[in-house]
Amino acid sequence: METDNTLETLICQEIAANGPISFARFMELALYHPTLGYYSGGPDGREPVGWAGDYFTSVDLSPLWGHALARWLHAVWRALGEPARYEVIEPGAGRGLLAATVWEYALSEAPQWASALRYTLLDRVSAHSPLRHAREQALATRLAQIGVPADGVRWGEALPTGEMVGAVIANELADALPTHCVVKQGADLLELYVAIDERGRLIEQAGSASTSELANYLDRYRVPWRTYPDGWRAEVCLAAEAWMAEVARSLARGAALIIDYGETAQRLYTRDRRHGTLLAYRQHQLVERPLAQPGRQDLTAHVNFSALIASGRASGLRLAEYTTQAELLTRLGIWEETVAIAARLYPYAESERHTSRGQLDYLRRASLRNAVRELLNPHGLGGFRALVMHKGAPGLRKLASLQK
Ligand SMILES: C[S@@+](CC[C@H](N)C(=O)[O-])C[C@H]1O[C@@H](n2cnc3c(N)ncnc32)[C@H](O)[C@@H]1O
């Protein structure tokens, strides 16, 4: 078998022993194999996210993103009646940078809230991996610099079940959940499997669906796939529904904010989007071959927000709002904070443009503003969707207008 990648060898062995595997199983191994998966650090133990990784997320652009979300978390605390203990859980926390930024904001702007705040980070990366160890070390240093109390942030193992008063916040997690892939052929919805060819290479292979749930899913979200042309492909992420149900069950009272790229089912599963949304990333570049180099590249698919909303509702959440990240951040005052910080930190940007300190301030202010503009860019991060659902606190219904 021609391969220089251990994870690829393991995947080939599983296929040789049991036959072709679903794409969801392939993605599970490629991203989450406990030692070799991409989000476990892959074969090189490298950090996948951030400027040194394969792509950046909102948290890398500006701390003002985290400050805006801190204002949202603060508003939820107030809407809950300012409980003495307020849990924030962040599944898919990655490096934990959002936690640090939220704490930074809480300590300087809302000390009473800070005294109630307990922040738990969850991530699928193994607690024993070198990557997790490196992340824990880096975050501990950062938290100490900010002055976060010892019990302010902890790494947890799983979402709790039902006892929590607080908020769940997740950025770019749902797009990384293992997804099935389907293709329409005649009257059937076939599933795309991962198989091996005669030369031992991973290839895609269509076959009967492993579960009727795949067609049921599209029917449930009223996708008229039977009228679509043959060869129409899509991703069906059953895992996202299950995950959202877990999120819902974790809350006794509180709210969940899910940010990601995606659409409602009606906009996601259109006739024109005939190739689906599955993408692979490596070193800030799109890679055309999702089966190549398992463990060394990211795999992701757009999120069906209708599925998150339906699953959340079925498990006791109510919809507060579904909007864009740009709209949410704007309402949470990101631009006002940008202006205030610029005036405080770069006072010579306008008044002394002819001096070197004025020019320096001018450039730094431009950099600050550009980062925020990027977060609000409707064709980029600003176009991400933000979903807010809540449970057990009627005051949370109008959460969007509560932040000020
Ligand atoms: C695209 S990264 C985003 C990281 C971070 N939220 C950010 O914005 O930089 C997705 C993260 O979600 C984690 N993840 C995926 N499924 C998860 C789950 N069910 N529970 C907790 N973390 C999960 C992955 O290990 C990965 O670190």
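Scroll up to find the structure this text is about.
Residues numbered from 1 in each chain as written. Predicted model: local features only at pLDDT ≥ 70, side-chain atom pairs only at ≥ 80, totals over all residues.

### Some remarks on the overall build of the protein
Moving on, step 1. Per the secondary structure count, the protein includes 15 helices and 17 strands.
Moving on, step 2. For the protein, the C-alpha radius of gyration of 22 Å lies close to 22 Å, the compact-globule estimate for 404 residues.
Moving on, step 3. By principal-axis analysis of the C-alpha atoms, the protein measures approximately 70 × 50 × 40 Å.
Moving on, step 4. Here the protein, with 404 residues, has 45% of them falling under the buried criterion. (Helix = DSSP H or I, 4+ residues; strand = E, 2+ residues; numbered from the N terminus. Rg over C-alpha atoms; globule rule 2.2 N^0.38 Å. Buried ≥ 20, exposed ≤ 12 C-beta atoms within 10 Å, placed from the backbone.)

### Notes on the site of the ligand
Moving on, step 1. The ligand sits among 18 residues. The nearest are Tyr39, Thr57, Gly92, Gly94 and Asn171.
Moving on, step 2. For the shell around the ligand, the residue count by class is eleven nonpolar, four polar and three charged. (Near = placed C-beta within 6 Å. Nonpolar A, V, L, I, M, F, W, Y, C, P; charged D, E, K, R; others polar.)

### A look at helix 15 (residues 356–376)
Moving on, step 1. Here helix 15 contains 21 residues, and its C-alpha end-to-end distance of 30 Å stays within 8% of the 30 Å for a straight helix at 1.5 Å per residue.
Moving on, step 2. For helix 15, the full list of buried residues reads Asp361, Arg365, Val372 and Leu375. The buried side chains of helix 15 occupy one side of the element, clustering within an arc of 75° when seen end-on. Set apart from the buried face of helix 15 by more than 90 degrees, the exposed residues are Ser356, Leu363, Ser367 and Asn370.
Moving on, step 3. Elements that come into contact with the buried residues of helix 15 comprise helix 3 (58–61), helix 4 (63–79), helix 12 (325–331), helix 13 (334–345) and helix 14 (348–351). (Expected span 1.5 Å × (residues − 1). Arc of directions from axis to C-beta. Contact = placed C-beta atoms within 7 Å.)

### Digging into the sheet that holds strand 5 (residues 164–171)
Moving on, step 1. The mixed open sheet is built from seven strands, whose spatial order is 4-3-2-5-10-17-16. Single-partner strands in this sheet number two, and they are strand 4 (153–155) and strand 16 (318–324). Across the sheet, the mean angle separating the axes of adjacent strands is 15° when strand polarity is ignored.
Moving on, step 2. With three bridges joining them, strand 2 (residues 86–91) and strand 5 adopt parallel strand pairing. Paired with isoleucine 89 across the bridge in strand 5 is valine 168.
Moving on, step 3. Against the sheet, helix 4 touches strand 2, strand 5 and strand 10 (251–260), its axis set at about 160° to strand 5. (Pairing = 2+ DSSP bridges. Axes fitted to C-alpha atoms, helices over the stretch in contact; angles between N-to-C directions.)

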